[in-house]
Amino acid sequence: MGKVTMQDVADALGVSRVSVWKVFNEQPGVSDSLKNSIMEMAAKLGYNGLVHTSTAAETGSKYKNVSLVVSRPDSSVFWTDIIHSIAKELALHNVNLMYTYMPSSYNENFQLPDILTGGDISGIIVLNLYDKHIIKRITRLETPKVFLDTVPSITEKILGCDLVLIEGRNSISEIVDDTVKRGCTRLGFVGDVNYARTNLERYYGYTDGIAMHNIPLEPDICLTDTISISGYQSRIFNFLDSIKEMPDAFICVSDYVAQYVAMYISKYPERFSKPILLTGFDGNKEYVSVADKITTANVSTRHLGKKLALQILYRMDCPNAPRETIYVHPEITYLSSIFPN
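These figures come from a predicted structure and were not determined experimentally. (Residues numbered from 1 in each chain as written. Predicted model: local features only at pLDDT ≥ 70, side-chain atom pairs only at ≥ 80, totals over all residues. Heavy atoms only, no water.)

Novice: What am I meant to see in the nonpolar core here?
Specialist: It is characteristic of soluble globular proteins that their nonpolar side chains tend to be buried jointly. Residues I86, L127, I138, L187, Y206 and F250 are the most contacted members of the largest nonpolar core, which totals 98 residues. For this core, the domains that each give at least three residues are domain 2 (64-167 + 301-328) and domain 3 (168-299 + 331-339). Every residue in contact with I138, bar those within four places of it in the chain, is listed here: V69, M102, L112, V126, L129, K145 and F147. Within the second largest apolar cluster, twelve residues are counted, among which are V4, V9, V23 and F24. (Core = buried A, V, L, I, M, F, W, Y, C linked by side-chain atoms within 4.5 Å. Buried < 20%, exposed > 50% of the residue type's maximum accessible area, 1.4 Å probe, protein only. Domains from an automatic or database assignment. Contact = heavy atoms within 4.5 Å.)

Novice: Before we go on, may I ask you to explain the sheet that holds strand β4 (residues 145-148) in this structure?
Specialist: Strand pairing in a sheet takes place through backbone hydrogen bonds and is either antiparallel or parallel in direction. What the six strands build is an open sheet, ordered β2-β1-β3-β4-β5-β11; its pairing is parallel. With partners counted over all chains shown, the strands left at the sheet margins are β2 (95-101) and β11 (325-328), one partner each. Each adjacent strand pair in this sheet contributes to an overall mean axis angle of 20 degrees, direction not counted. Of the pairings in the sheet, the one linking strand β5 (residues 162-166) to β11 comprises four bridges and is parallel in character. Considered in β11, the bridge of I166 is made with V328. Together, β1 (64-70), β2, β3 (123-127), β4 and β5 form the strand contacts of helix α5 (residues 77-91), whose direction differs from that of β2 by roughly 150 degrees. (Pairing = 2+ DSSP bridges. Helix = DSSP H or I, 4+ residues; strand = E, 2+ residues; numbered from the N terminus. Axes fitted to C-alpha atoms, helices over the stretch in contact; angles between N-to-C directions.)

Novice: Where do I start with the packing of aromatic side chains in this structure?
Specialist: Two numbers describe a pair of aromatic rings. These are the distance of the centres and the angle of the planes. Inspection of every chain in the model, using the stated rule, returns 16 aromatic pairs. Plain terms: the ring middles of F78 and W79 are 5.4 Å apart, the flat faces sit at 90 degrees to each other, and that makes the pair edge-to-face. According to the relative accessible area criterion, F78 is buried, its value standing at 9%. Ring centres 5.9 Å apart and planes at 35 degrees place the aromatic pair Y203 and Y206 in the tilted group. A residue pair is termed a helical-turn pair when its members lie 3 or 4 positions apart in one helix, as Y203 and Y206 do in helix α10 (residues 197-212) at three residues. An aromatic cluster is defined as three or more aromatic residues linked by ring pairs; in this entry it consists of F189, Y203, Y204 and Y206. The ring of F281 has R202 sitting right over it, with the charged end atom 3.7 Å from the ring centre. (Phe/Tyr/Trp six-rings, centres within 6.5 Å; stacked < 30°, edge-to-face > 60°. Lys NZ or Arg CZ within 6 Å of the ring centre and 35° of its normal.)

What follows is the structure, given as structure tokens:
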């Protein structure tokens with residue numbers, strides 16, 4: 001395929017070229033939903049003209065390519081919002097963002113895609129990838145890399161590159177403190193701590209928080225085991241079935257997890273002799289059963305995407321600078337909806 005044009009992007013979406021031009025040149029008159037669709041399609045097709053054409057020509061700048069290594073990119077609006085922000089920021093610096101899809105899990109036939117090994121990539125951003133074997137293969141590449149999160153077993157030393165993390169330990173500790181002050185004296189935890197470094201740190205925040213209030217850790221009301229990608233509902237439902245006396249609150253590792261707890265409560269309200277509080281993390285609005293109802297830590301996907309883009313640009317310019325571990329702090333929204341209601 002030759003050079004991708006605005007018309008190619010427009011044709012792929014069935015919209016006018018004028019709408020595409022307006023988005024790429026930050027002109028009014030295009031809805032947010034269409035704007036997001038155009039940006040996503042442009043990145044998918046490999047369009048490299050997101051900056052005004054005359055600017056690139058006047059400066060004589062040559063476009064570089066950054067590969068976005070991603071697994072299950074369409075699983076959540078949370079991830080696609082981050083990707084849109086990365087693409088927009090890189091375009092301002094004459095850098096083209098290219099998708100590189102990875103399987104969710106490693107098998108013996110796995111090979112890194114040629115795009116990562118062929119020498120045409122100046123930088124790599126990795127997100128939503130949580131298989132340690134695939135991660136280790138990527139870490140061996142000499143190309144500058146930035147990871148958003150990783151699995152707990154991969155230390156910064158093994159990673160050998162920049163790591164961006166959403167701060168969770170202090171945030172969850174603060175959420176626990178608020179929950180206790182609302183009158184809760186027994187707090188459970190729900191979340192796969194083996195899945196991601198951020199999940200594990202959120203669990204540490206939970207244990208920090210209950211220890212601060214001299215509340216004992218009760219393993220029977222905590223689900224921290226590994227959960228398969230497709231098995232969240234059944235695993236959480238089985239866990240809740242096993243509890244003899246429900247706690248006053250569940251501290252959930254994410255809003256995604258909290259929605260399944262809320263679903264269980266809605267389906268089996270007779271199992272709850274008293275109201276229960278739920279908390280989450282991420283501030284994800286797409287899970288309607290808990291959105292704007294529970295205390296959560298709101299992650300600014302726009303700023304997070306911009307940070308990842310700026311960090312890979314820095315690493316490409318300064319490949320030998322000391323590697324960095326960067327924490328991005330969310331803003332907590334305190335709400336007190338009770339379940340069942």
